[in-house]
Amino acid sequence: MHTTGSRIAEIRRRLGPELLILGHHYQRAAVLRHADAVGDSLELSRHAAASRAPRIVFCGVRFMAESAAVLCGPGQTVYMPEMSAGCPMADMVRPGTLEAAWRTLNRNAADWLPVVYVNSSAEVKAFCGRHGGITCTSSNAGRAFKWAFARNRRVFFLPDEHLGANTAAELGLPDAHVLVYDYKREGGGVGADALSRARVALWKGFCLVHTAFTAAHIAAAREALPAARIIVHPETPREAARLADARGSTSQIIRYVQSAPDGATIVIGTELNLVQRLAEEQRERVTVKALAPSVCANMAKTNEANLLAVLETWDARRIVRVPADVAAGARAALERMLAL
Ligand code: SF4
């Protein structure tokens, strides 16, 4: 009997180098076992850019597949198993509100440079590229801020307030120089004085998965497991993130666990699928626990059944398309990051 998994394996064997399947760390193990490369946003962007495969299937969320479509060559097509797998945080920035914010910022102070987290739509990345800015991931946000400051500019960071606040704090920027631009309020809810003093303006966006982690979770973990080390993803709000022993991107969290001494206990605040996989992979050596169970519902939309469906049908409705003018701006911002 042919199972879904064996049919996927057979198609992969048949297509060989004609097919590249990319899988984000937050995917389920059942999906990742079919991936040619598993990684975080930055690593998968690099794979897409380096690949020659005519068909790329992206198991992740839409903004990631868009970045792959922007970076790959003209003879390559990017597919998603499930087109409705978006990112609520990326959707918190719309081109219209972004342009209004940009006008407000520039009316009150000069020298803003956009630094855009890759968890954003291609249109937002294109805005960034058009205005001379750079994209970043959670692993290189600090370097992207320094890149902007080296050009003697103020940073307009979007869409994740918390990654921006954690990055500014790690770079030693005083709180008084960091403000939050609330896109739901008139003028962002910030005054001209505050804007003229600011070095960093943070878009008030957030990730539902990582804002689930609180200072109370950290206190409870410390009480239950006093010898444990706690690491959280920098999309975690600063009140909690500052209480952890370390903060790190997905890849940095993986390295933290892999380099922990034998017998260690590590509590992790990030998406549950990754935590569970690390716990399984490392169970002979270290104990890995979730700070709290928090799952990305959009990542979970990809499964073996819709992966097989795309591989069997190559349905054009599952092609990720980015208009050429948008792709050009987004590529400029992404390539600045890849060159960092
Ligand atoms: S984990 Fe958060 S940022 Fe990542 S895709 Fe899910 S909602 Fe978006």
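(A) Representation of the overall build of the protein chain within the structure. In terms of regular secondary structure, the protein chain is built from 15 helices and 13 strands. On C-alpha atoms alone, the protein chain measures out to a radius of gyration of 20 Å, which is about the 20 Å that the 2.2 N^0.38 rule sets for 340 residues. The buried share of the protein chain, taken over its 340 residues, is 56%. Counted over contacts in the protein chain with a minimum sequence separation of 6, partners at least 24 positions apart contribute 67%.

(B) Highlighting the domain arrangement of the protein chain. For the protein chain, the domain assignment lists domain 1 (4–85 + 299–324), domain 2 (90–203) and domain 3 (215–290). Using C-alpha coordinates to define each centre, domain 1 is positioned 30 Å away from domain 2. In this complex, domain 1 contributes seven residues to the contact, which on the side of domain 2 involves ten residues. The three residues of domain 1 that bury the most area against domain 2 are Leu42, Phe63 and Glu66, which together make up 66% of that side's buried surface. Linking domain 1 to domain 2 there are zero salt bridges. For the interface between domain 1 and domain 2, the tally reads one residue pair in polar contact (both at pLDDT 80 or more). At the level of secondary structure, the elements contributing two or more residues to the side of domain 1 that touches domain 2 comprise α3 (41–50) and α4 (62–71). Ranked by the residues each element gives to the side of domain 1 that touches domain 2, the list is headed by α4, at three residues.

(C) A look at the side chain of Ser249. As for its placement among the helices and strands, Ser249 is situated in the loop between β11 (246–247) and α12 (250–258). Ignoring any residue separated from it by four or fewer positions in sequence, one finds Ser249 in contact with Asp40, Ser138, Ser139, His233 and Pro234.

(D) Molecular detail of unusual backbone geometry. Residue Pro159 follows Leu158 across a cis peptide bond; omega there is 0°. Position of Pro159 relative to the elements: it lies in the loop between β7 (154–158) and α8 (161–170). A positive phi angle, near 75°, is found at Asp111, a position not held by glycine. The topology assignment puts Asp111 in the loop between α5 (95–108) and β5 (112–117). Taking the relative accessible area as the measure of exposure, Asp111 reaches 44% and is therefore partly exposed. Here the phi dihedral of Trp314 falls at roughly 45°; this positive angle occurs in a residue that is not glycine. For Trp314, a relative accessible area of 16% gives the class buried.

(E) Fine view of the sheet that holds strand β12 (residues 265–269). Read across the sheet, four strands follow the order β11-β10-β12-β13 without closing on themselves; strand pairing throughout is parallel. Looking at strand neighbours, the two that pair on one side only are β11 and β13 (287–290), the edges of this open sheet. By the bridge criterion, four bridges tie β12 to β13 in an arrangement that is parallel. Residue pairing for β13: Val267 is matched across the bridge by Lys289.

(F) Geometry of the environment of Pro54. Structurally, Pro54 can be placed in the loop between α3 and β3 (55–59). When its relative accessible area of 28% is taken as the criterion, Pro54 is described as partly exposed. The spacing of Pro54 and Leu44 is ten residues in sequence and 16 Å in space, taken between C-alpha atoms. Ignoring sequence-local partners within four residues, the contact set of Pro54 consists of Pro17, Glu18, Gly75, Gln76 and Thr77.

(G) Representation of the site of the ligand within the structure. Close to the ligand lie Tyr26, Val61, Cys87, Pro88, Met89, Asn119, Cys207, Val209, Glu235 and Cys296, which account for all nearby residues. Looking at the shell around the ligand residue by residue, the classes come out as eight nonpolar, one polar and one charged.

(H) Focus on the pairing of β12. With four of five residues buried, β12 lies mostly within the body of the structure. Of the strand pairs in this sheet, strand β10 (residues 229–232) and β12 are connected by four bridges, and their pairing is parallel. Residue Val232 lies in a different strand from β12, and its bridge partner there is Gly269. Assessed by its sense of winding, the connection that carries the chain from β12 through helix α13 (residues 272–281) to β13 is right-handed.

(I) Seen up close, the sheet that holds strand β4 (residues 77–79). What the four strands build is an open sheet, ordered β2-β1-β3-β4; its pairing is parallel. Of all strands in the sheet, those with a lone pairing partner are β2 (37–39) and β4, marking the two edges. Put simply, the sheet's adjacent strands are angled 25° from each other on average, direction ignored. Sheet topology note: the strand β1 (residues 19–24)/β2 ladder contains three bridges and is parallel. Bridging across to β2, Gly23 finds its partner in Val38. Where helix α14 (residues 304–313) meets the sheet, it contacts β1, β3 and β4, and its direction lies at approximately 165° from that of β3.

Conventions and cut-offs
Residues numbered from 1 in each chain as written. Predicted model: local features only at pLDDT ≥ 70, side-chain atom pairs only at ≥ 80, totals over all residues. Heavy atoms only, no water. Helix = DSSP H or I, 4+ residues; strand = E, 2+ residues; numbered from the N terminus. Rg over C-alpha atoms; globule rule 2.2 N^0.38 Å. Buried < 20%, exposed > 50% of the residue type's maximum accessible area, 1.4 Å probe, protein only. Contact = heavy atoms within 4.5 Å. Domains from an automatic or database assignment. Buried area = accessible area lost by both parts, 1.4 Å probe. Salt bridge = Lys/Arg side-chain N within 4 Å of Asp/Glu carboxyl O. Polar contact = N/O pair within 3.5 Å; in protein donor to acceptor, adjacent residues only side chain to side chain. Pairing = 2+ DSSP bridges. Near = heavy atom within 4 Å. Nonpolar A, V, L, I, M, F, W, Y, C, P; charged D, E, K, R; others polar. Right-handed = clockwise from strand over helix to strand, strands pointing away. Axes fitted to C-alpha atoms, helices over the stretch in contact; angles between N-to-C directions.

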